[in-house]
Amino acid sequence: MVHGGYAVIDVETTGLWPGRHHRVIEIGIVHLDVHGEVEASFETVVDPSRDLGPIHVHGLRSADVRGAPRFEHVVDDLCDRLRGRVVVAHNARFEAQFLAAEFARLGLVSPLGTDGSGALCTMKLAPTYLPGAGRTLADCCAAIDVDLSVAHESLGDAAATAQLLSAYLRMGDAQSAWWQDWGRYAALQQWPTAETPRSTPHPRYAGGAGGADDGGHVPGRAAWRARRRVARVRDLAPAPSAVLSASGAVGPMAPAAVPPASPAGGTHLAGPVDLDLDRDVYGLSVEPAPTEPRFLERATELLPQLGLDRRQDQYAAMLDKALSDGYLSRDEAGNLATLAVELDLDDLSRALVHDRYFASLVSTVWAHDVLSDDERRQVDAVAEMLGIAPHRRDAALVPSVLERAPRPAEDDELDEFEVIEGLDESLGAAPEPRTPSLARPDVGPLAPGAHVALTGSLSQERDALVRTLERAGLVVWPAVTTETSLVVAADVACASGKVRKALRYGVPVVDETQLPFVLARSRRSRTAA
């Protein structure tokens, strides 16, 4: 059976909970071939027949969706663009639950399920291919030097996820049989067709936003319409190729992650939109979307994995989304309890996730920010919503105490809990700080098979540099992880994602002029041995 390639999908929504009548408002899809090369991309805004929710997050306003197709107008094309391909998403459970809800409104069934088990999740694969990376798409993309500058736009997020998947495919080149299993599974998934019987949408969802009509759309199929942009989404192109050694391949995810074997083409379309940036769906004034990420969004992007089981990680991922808009509302807090039930998390397990999540959040924000009074109030509000003990909450807001408390190594995720847990009894002198240095002349020697990452516009031809490193017995790796031994940069002072990751993990960074000295030192070491 021929592998049909991949369909990477991302959706923007009016909120986090389809059970609360939140709807899909934008869909982005990127097609990749079996090797991870981009074939095509698609995007459309969707009229949700309700208010648009957190405009400051997704940036869509009533003018963007006025006259746009509703979900029932695009569902057939959507299914055609997913059929026969492995559906991929970052935190696939989120996309899957919204698609399942939209399908259910039409009397249809999504083969992805409500829990995302029918899709390949790049977030779940991160611990395998990006050891040390966090959960969020932005943090994972930093490891492969993908700048997620258009976050919270469906096509931008789908394009970034596609590059992440492409990197996984290159790093997992020794597990071709496992990837082929996904291809065979996708070929068996039963997506609805135009002939599949469906129900009439409920009257609640029959009208357009703000009373707009259907715009001549035909149920099932309508022209997909991109959001209007001042700046275009970056060109969709495959990530730079790298020659990998099979000996350096990362082990695959457990086969049990593959779904059961028998489960129950186009171009980037765009169109003009009449923008009304200052009015919401009801014609009321709206706050302009911020140009810089908000405080909690910046913090949640950097949070590491908690080292817990997959159900608890799924819960933590939803916490990330809930906090990314700048606060945790009481409605969101209540619905997190519903999610815990769906994931079969008891009160003790949920409290453990809350404690570790809050400790990780506090450690991250103090490492990267000087907190303003407003930011302190946000941290305090999050602690209250998560049920954190008052003495821990109070201690988290005292920088002088945290500065004196032992700070964990940044790649030791579980120890972050001790930053808060041990405050009452660990107020002694701080240990020596872990400060990785750039361009150290004493880097090396590198052991055979060591992972080396490249970043920046190197003066040497990349393929030639790869061949040089491989002749030295090293493995050129597309990402910076906790297993990376060296990063070679065009400019060691640049702020690329790979350089930032290297600093966090304590990985040395050298510029390409120093690489010959590192290789010579490695050769001498092997000769002496």
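Report follows, based on the coordinates. (Residues numbered from 1 in each chain as written. Predicted model: local features only at pLDDT ≥ 70, side-chain atom pairs only at ≥ 80, totals over all residues. Heavy atoms only, no water.)

Digging into the sheet that holds strand β7 (residues 475-476)
Here is step 1 of the chain: Within the open sheet, the four strands sit side by side as β7-β6-β8-β9. Their pairing is parallel. Each of the sheet's edge strands pairs with one partner strand only, and the pair in question is β7 and β9 (509-511).
Here is step 2 of the chain: Looking at chain direction, strand β6 (residues 451-455) and strand β8 (residues 484-489) are connected through five bridges and run parallel. Its bridge partner being in β8, V452 is matched across the sheet by L486.
Here is step 3 of the chain: Its contacts with the sheet place helix α17 (residues 462-471) against β6 and β7, and it is angled at close to 165° to β6.
Here is step 4 of the chain: With respect to the sheet, helix α18 (residues 497-505) is in contact with β6, β8 and β9, its orientation differing from that of β6 by roughly 140°. (Pairing = 2+ DSSP bridges. Helix = DSSP H or I, 4+ residues; strand = E, 2+ residues; numbered from the N terminus. Contact = heavy atoms within 4.5 Å. Axes fitted to C-alpha atoms, helices over the stretch in contact; angles between N-to-C directions.)

Considering the environment of R521
Here is step 1 of the chain: Take R521: it is sitting in helix α19 (residues 515-528).
Here is step 2 of the chain: Between the C-alpha atoms of R521 and V443, which are 78 residues apart in sequence, the distance is 8.6 Å.

Some details on the side chain of D64
Here is step 1 of the chain: Relative to the helices and strands, D64 resides in helix α2 (residues 62-65).
Here is step 2 of the chain: No salt bridge is formed by the buried D64; the nearest opposite charge belongs to R61, separated by 5.7 Å.
Here is step 3 of the chain: Polar contacts involving the side chain of D64 include one to the main-chain amide nitrogen of R61, which spans 2.7 Å. (Buried < 20%, exposed > 50% of the residue type's maximum accessible area, 1.4 Å probe, protein only. Lys, Arg positive; Asp, Glu negative; His and termini not counted. Salt bridge = Lys/Arg side-chain N within 4 Å of Asp/Glu carboxyl O. Polar contact = N/O pair within 3.5 Å; in protein donor to acceptor, adjacent residues only side chain to side chain.)

By themselves these figures say nothing about function.
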